[in-house]
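These are the residues of each chain, in order.
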Amino acid sequence: MVTFATIRMASKHLSRTASSVTMATKRLTFVTGNHNKLKETKHILSQGTPIELDSQDLDIPELQGTTQEVAIAKCRRAAELLGKPCITEDTALCFVAYHGLPGPYIKHFMKTLGHEGLNNMLAGFPTKDAYALCTFAYSAGPGTEPILFEGRTDGTIVPARGPGDFGWDPIFQPKGFDQTYAEMSKEQKNVISHRYHALVKLRVYLATLNAENNF
Ligand SMILES: O=P(O)(O)OP(=O)(O)OP(=O)(O)OC[C@H]1O[C@@H](n2cnc3c(O)ncnc32)[C@H](O)[C@@H]1O
Ligand SMILES: [Mg+2]
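Per an unreviewed UniProt entry, the protein chain carries the name Inosine triphosphate pyrophosphatase and comes from Suillus discolor. As its UniProt record puts it under Subunit (unreviewed entry), the protein chain is described as follows: "Homodimer."

Spelled out as structure tokens, the structure:
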């Protein structure tokens, strides 16, 4: 079982070893049905990382559980279906007032309640604080244990502002900014987002695999 202590230790080790390696361009499959995730991931990984991402939309049931359990189960199944290495990603939106819920179930809440309903969930609560949590999972292939890379951005839930083309972007205002994710340029979001923070860790890991010819 992968633990977060293990991941933290691995990522410390990797950040020491990966800085001095050069990568040959490699292809990797991102299993997702979300074109906005794919676009942001490609944009962030294109900054100095010789990885060409292709994508595949597979119908994978998402289990209930912690964000880690949901992410591991999805990536394990994706690798089994694909028959080769892949990455998957799960995004959670966690309300502090609800001790982390809706968390990994945000997709269903968002679809059912919309931006206004999500705001209404927090009416009467003393805190509107929330955090966006991104969990990338990498599987080396069928039968291998996925490895997780987490990124978190803290913020506040606000009435919707900005274009509504990507999920809950209009109601999430990152701490220290006066714009919501939706009001920011994509360039700006992509250097502070939960997805960015997770991809920085994944990038280091892939660089080390590549240097060892394991990828
Ligand atoms: O195929 P997968 O990769 O699972 O794509 P998905 O859209 O089903 O994504 P999730 O299961 O991770 O559900 C996360 C929900 O949060 C939304 N979401 C993900 N990243 C987001 C971001 O950066 N900003 C706003 N909404 C986001 C997304 O549209 C979903 O409604
Ligand atoms: Mg999904």
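Feature annotation in UniProt places "binding site: Mg(2+)" (unreviewed entry) on Glu62 and Asp90, given in this structure's numbering. Look at the named residues: they lie 29 residues apart in sequence, but the longest C-alpha span between them is just 9.5 Å, so in the fold they bunch up. Residues contacting Glu62, with those up to four places away along its chain left out, are Val70 and Lys74. Mapped onto the elements of the fold, Asp90 is located in strand 3 (residues 86-95). Overall, the presence of 27 C-beta atoms within 10 Å leaves Asp90 in the buried class. The residues contacting Asp90, other than those within four sequence positions of it, are Thr67, Val70, Ala71, Lys74, Pro104 and Thr135.

The terminal C-alpha atoms of helix 6 (residues 194-211) lie 26 Å apart, and with 18 residues this matches the ideal 26 Å at 1.5 Å per residue to within 8%. Most of helix 6 is tucked away, with 13 of its 18 residues classed as buried.

Our focus in this paragraph is the site of ligand 1. Thr32, Asn34, Thr91, Lys107 and Gly167 are the nearest of the 18 residues found near ligand 1. Contributions of two or more residues to the shell around ligand 1 are made by strand 3 and helix 4 (106-120).

Of all 11 residues making up strand 6 (residues 147-157), 8 are buried, and the element is well covered by its neighbours. Taken together, the 10 bridges between strand 5 (residues 129-139) and strand 6 define a ladder with antiparallel strand orientation. Each bridged residue has a counterpart across the sheet, and for Thr135 the counterpart in strand 6 is Glu150. In the sheet, strand 6 pairs with strand 7 (residues 172-174) via 3 bridges, with the strands oriented antiparallel. Looking at strand 7, one finds that Gly155 is bridged to Pro174.

Positionally, Glu116 belongs in helix 4. By C-beta crowding, Glu116 is classed as exposed, having 11 other C-beta atoms within 10 Å. C-alpha separation for the pair Glu116 and Pro159, spaced 43 residues apart in sequence, amounts to 6.9 Å.

What follows deals with the pairing of strand 2 (residues 51-56). Where strand 1 (residues 26-31) lies against strand 2, 6 bridges are found, and the strand directions are parallel. Looking across to strand 2, one finds that Lys26 is bridged to Ile51. Once the chain exits strand 1 it traverses helix 2 (residues 35-45) before rejoining the sheet at strand 2, and the crossover so formed is right-handed.

Now for the nonpolar core. One finds Phe136, Ala137 and Leu202 to be the most contacted residues of the largest nonpolar core, which totals 44 residues. When residues of this core are traced back to their parent elements, those giving at least two are strand 1, helix 2, helix 3 (67-82), strand 3, helix 4, strand 5, strand 6 and helix 6. At 8 residues, the largest contribution of residues to this core is made by strand 5. If near-sequence neighbours (up to four positions away) are discounted, Phe136 is found in contact with Ile87, Glu89, Phe149, Ala198, Leu199 and Leu202.

What follows is about the environment of Lys175. Among the secondary structure elements, Lys175 is positioned in the loop between strand 7 and helix 5 (186-192). Sequence separation of Lys175 and Ala130 is 45 residues, and the distance between their C-alpha atoms is 9.6 Å. Ignoring any residue separated from it by four or fewer positions in sequence, one finds Lys175 in contact with Asp154 and Gly155.

The terminal C-alpha atoms of helix 3 lie 22 Å apart, and with 16 residues this matches the ideal 22 Å at 1.5 Å per residue to within 8%. Taken residue by residue, helix 3 has Gln68, Val70, Ala71, Ile72, Ala73, Lys74, Cys75, Arg77, Ala78 and Ala79 as its buried positions. Contact partners of the buried residues in helix 3: strand 1, strand 3, strand 5 and strand 6.

Calculation criteria
Residues numbered from 1 in each chain as written. Chains lettered and ligands numbered in written order. Predicted model: local features only at pLDDT ≥ 70, side-chain atom pairs only at ≥ 80, totals over all residues. UniProt positions renumbered as here; feature names shortened; annotations may be inferred. Contact = placed C-beta atoms within 7 Å. Helix = DSSP H or I, 4+ residues; strand = E, 2+ residues; numbered from the N terminus. Buried ≥ 20, exposed ≤ 12 C-beta atoms within 10 Å, placed from the backbone. Expected span 1.5 Å × (residues − 1). Near = placed C-beta within 6 Å. Pairing = 2+ DSSP bridges. Right-handed = clockwise from strand over helix to strand, strands pointing away. Core = buried A, V, L, I, M, F, W, Y, C linked by C-beta atoms within 7 Å.

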